[in-house]
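# Fold and contact review
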Amino acid sequence: METQLNRDAPVIIVGAGLCGLRAAALLNTHGIRYLILEARNRIGGRGLSVEVEGKPELGKFDLGPTWYWPRYEIAMNQLVEELSLQTFEQYNEGRMLVERSRNTPPQQHDLSAEAMEYSLRFIGGVQSLIDALAAQIPSEAIYLNTKVTSIHQEDDSRVKIQTDAGNFHASSVIVALPPRIVERNITFFPKLSAELKSNLMNKPTWMASQAKIIAVYDTPFWRDQGLSGFVSSWVGPLREIHDASPSTGSGALFGFFGLPAKARLNMGNEQLLELVLEQLTRLFGPAAKHVKGTLFKDWSFDEHTAVEEDTDPLLDYPSYGPIIDGKGSRQNIYFAGTETAYRQGGHLEGALRSAERVVNEVIKHLS
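Residues numbered from 1 in each chain as written. Predicted model: local features only at pLDDT ≥ 70, side-chain atom pairs only at ≥ 80, totals over all residues. Heavy atoms only, no water.

Enumeration according to the criterion identifies 19 salt bridges in this entry. Its salt-bridge partner being Lys292, residue Asp218 comes within 3.6 Å of it at the nearest N-O pair. Here Lys292 lies in the loop between helix 7 (269-284) and strand 19 (293-298) and Asp218 lies in the loop between strand 15 (211-217) and strand 16 (227-233), a separation of 74 residues in the sequence. With a relative accessible area of 46%, Asp218 lands in the partly exposed category. (Salt bridge = Lys/Arg side-chain N within 4 Å of Asp/Glu carboxyl O. Helix = DSSP H or I, 4+ residues; strand = E, 2+ residues; numbered from the N terminus. Buried < 20%, exposed > 50% of the residue type's maximum accessible area, 1.4 Å probe, protein only.)

Next comes the structure, spelled out in C-alpha cells:
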C-alpha cells in the first residue's frame, strides 16, 4: 500500500500519452519531482504499435499516428536526435490508385516527387518513441489503471486529485488529456466557468472519429506492380490507403474508413473486415486476399479518447491552441496535449510543443 508521501509531488501529470511523457522527461532535466496518473493499463495514449498475434516476426504496426514531417516539425527532429531513434522514409514510390466505381478498374496516376510531403516513420513504430521516453522516467512515478475523477483547487499552492485508486496532492497539475475527455470525465472544484467548459468542448479530439485497419502480408507485393500503395477511393469502405510496411521484411497496407462511426458500429468488425479485403482485392489483385493478419482499432469507441460528439467526422481542420481561462483562476492547473498546441495541433509534433510550453509555465509557477 502506497504511503501519503509517494502520493504527493510538486507536479502531477494526468495522462501518459506522448505529451504527458515528454512533460515528465522535461521536468526530469530540471530536477522537479512528479507523478503520472494514467487511466489505461498502458502508456502511450493514442500512440499504439502492435504485432499480429503469434507472429512477432512480421513487425510492429501503428494503429494510431504513424509518421511525422521533418521539414517543418522541429521539436520532433530534436527529440529523435536526443533519443537516438531510428527512422525510415514513408514509401511513396510508384503510381497511386484512384477508385471511383466498383464496376471499373481504378485509375492509375504517376506521382511527382513533390506530390507527397516527405515524411518519416519510426523503426519499431511510434512505440519506440514512447518506450524511449518512458526509459527516462522512474517506473514508480507512473500509476497505471488510475483514472482521475476530480481535481480540487484547495488554495494557490495545493491541489487535490481524486482518482478511483485514492487521492494525490500536488502544487501544480498538468492535465495532458484530450480537452473533451477532460470536460466530460473530470469534475473540478471550484466548478469550471461556462467559457472554459465551452473552450474545452470546442477542441475536437484528433483521430477520435477515425478507425484504422492494417492488412499485413509476407511482402509488399504491390511494389512489384509499380504501385506506391497510396489509394484515394470514392467507393470504400476505405477512403484512403497507404503503404504501412516496416523498413524491411513484411508488407502492410493501412486505411482510414469513409464510413461514419455509427455505421461501423452497426456493421460489426467481421463484416467490415470482409468489405476491406474485398476492396483491397479489387485494387491490388488476388494477392491481397492472402493476409497474414489484420489489425483494427476504432478510436471513436475508445472511452479514454472519444466522447459522443467525436463520432461525427471532422469536416475542417479544427482550430487548436491553448485552453483559455478568461478569469485566470486556475494558475496551478495546466491543460496540455496536442489539441492545445499553437502549431501542428493533432500531430505528434503538437503534443511535443504543448509539453514544452506547459513545462515552462509550471517552472515559472514553482519558482
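Having seen the structure, we can now continue with the description.
Let us look at the environment of Arg95. When you line up the elements, Arg95 lands in strand 7 (residues 95-99). Separated by 88 residues in sequence, Arg95 and Glu183 have C-alpha atoms that sit 45 Å apart. Every residue in contact with Arg95, bar those within four places of it in the chain, is listed here: Gln108, His109, Asp110, Gln225, Gly226, Leu227, Ser228 and Gly229. A distance of 2.8 Å separates the side chain of Arg95 from the backbone oxygen of Gln225, its partner in a polar contact. (Contact = heavy atoms within 4.5 Å. Polar contact = N/O pair within 3.5 Å; in protein donor to acceptor, adjacent residues only side chain to side chain.)

Bringing the sheet that holds strand 16 into the picture now. Strand order in the open sheet formed by 7 strands is 8-7-16-17-18-15-19, and the pairing between neighbours is mixed. Each edge of the open sheet carries a strand with a single partner, namely strand 8 (107-110) and strand 19. Recorded for the sheet is a direction-independent mean angle of 20° between the axes of neighbouring strands. (Pairing = 2+ DSSP bridges. Axes fitted to C-alpha atoms, helices over the stretch in contact; angles between N-to-C directions.)

A few words on the nonpolar core. With 44 residues, the main nonpolar core has Ile13, Tyr34, Ile36, Phe122, Leu129 and Ile174 as its most contacted residues. For this core, the secondary structure elements donating two or more residues are strand 1 (8-14), helix 1 (18-29), strand 2 (34-37), helix 2 (74-83), strand 9 (120-122), helix 3 (126-134) and helix 8 (348-366). Here this core takes 8 residues from helix 1, the largest share from any one element. Other than its neighbours up to four places away in sequence, Ile13 contacts Gly20, Ala23, Ala24, Leu27, Tyr34, Leu35, Ile36, Leu37 and Ile174. With 26 residues, the next largest nonpolar core counts Leu35, Leu37, Val159 and Leu192 among its residues. (Core = buried A, V, L, I, M, F, W, Y, C linked by side-chain atoms within 4.5 Å.)

Here the focus is the packing of aromatic side chains. Aromatic ring pairs are described here by two measures, namely the spacing of the ring centres and the angle between the planes. This structure, assessed with the given rule, holds 13 aromatic pairs. Over the aromatic face of Trp234 sits the side chain of Arg100, whose NZ or CZ is 4.6 Å from the ring centroid. Sitting over the face of the ring of Tyr91, Arg223 holds its NZ or CZ atom 3.7 Å from the ring centroid. (Phe/Tyr/Trp six-rings, centres within 6.5 Å; stacked < 30°, edge-to-face > 60°. Lys NZ or Arg CZ within 6 Å of the ring centre and 35° of its normal.)

On to unusual backbone geometry, then. Look at the link from Phe189 to Pro190: it is a cis peptide, with omega at -5°. Note on placement: Pro190 falls in the loop between strand 14 (187-189) and helix 5 (194-201). Note that the residue after Gly236, namely Pro237, is joined by a cis bond; omega there is 10°. Despite not being glycine, Ser84 shows a phi value in the positive range, around 55°. Mapped onto the elements of the fold, Ser84 is located in the loop between helix 2 and strand 6 (87-89).

For the rest of this paragraph, the subject is the packing of helix 2 against helix 8. For the pair helix 2 and helix 8, the least separation of the axes is 8 Å and the interaxial angle reads 85°. The angle between the axes of helix 2 and helix 8 places the two elements in the roughly perpendicular class. Counting all contacts with helix 2, which are made through Ile74, Ala75, Met76 and Leu79, the residues of helix 8 involved are Leu348, Glu349, Leu352, Arg353 and Glu356. Looking at the contact of helix 2 with helix 8 residue by residue, the classes come out as 6 nonpolar, no polar and 3 charged. (Parallel < 35°, antiparallel > 145°, perpendicular 65-115°, else oblique. Nonpolar A, V, L, I, M, F, W, Y, C, P; charged D, E, K, R; others polar.)

A few words now on the pairing of strand 12 (residues 158-163). Taken together, the 6 bridges between strand 11 (residues 148-155) and strand 12 define a ladder with antiparallel strand orientation. Bridging across to strand 12, Ser150 finds its partner in Gln162. Summarising the sheet, strand 12 and strand 13 (residues 166-175) pair through 5 bridges and their orientation is antiparallel. Residue pairing for strand 13: Val159 is matched across the bridge by Ala170. Linking strand 12 to strand 13, which pair antiparallel, is a turn of 2 residues.

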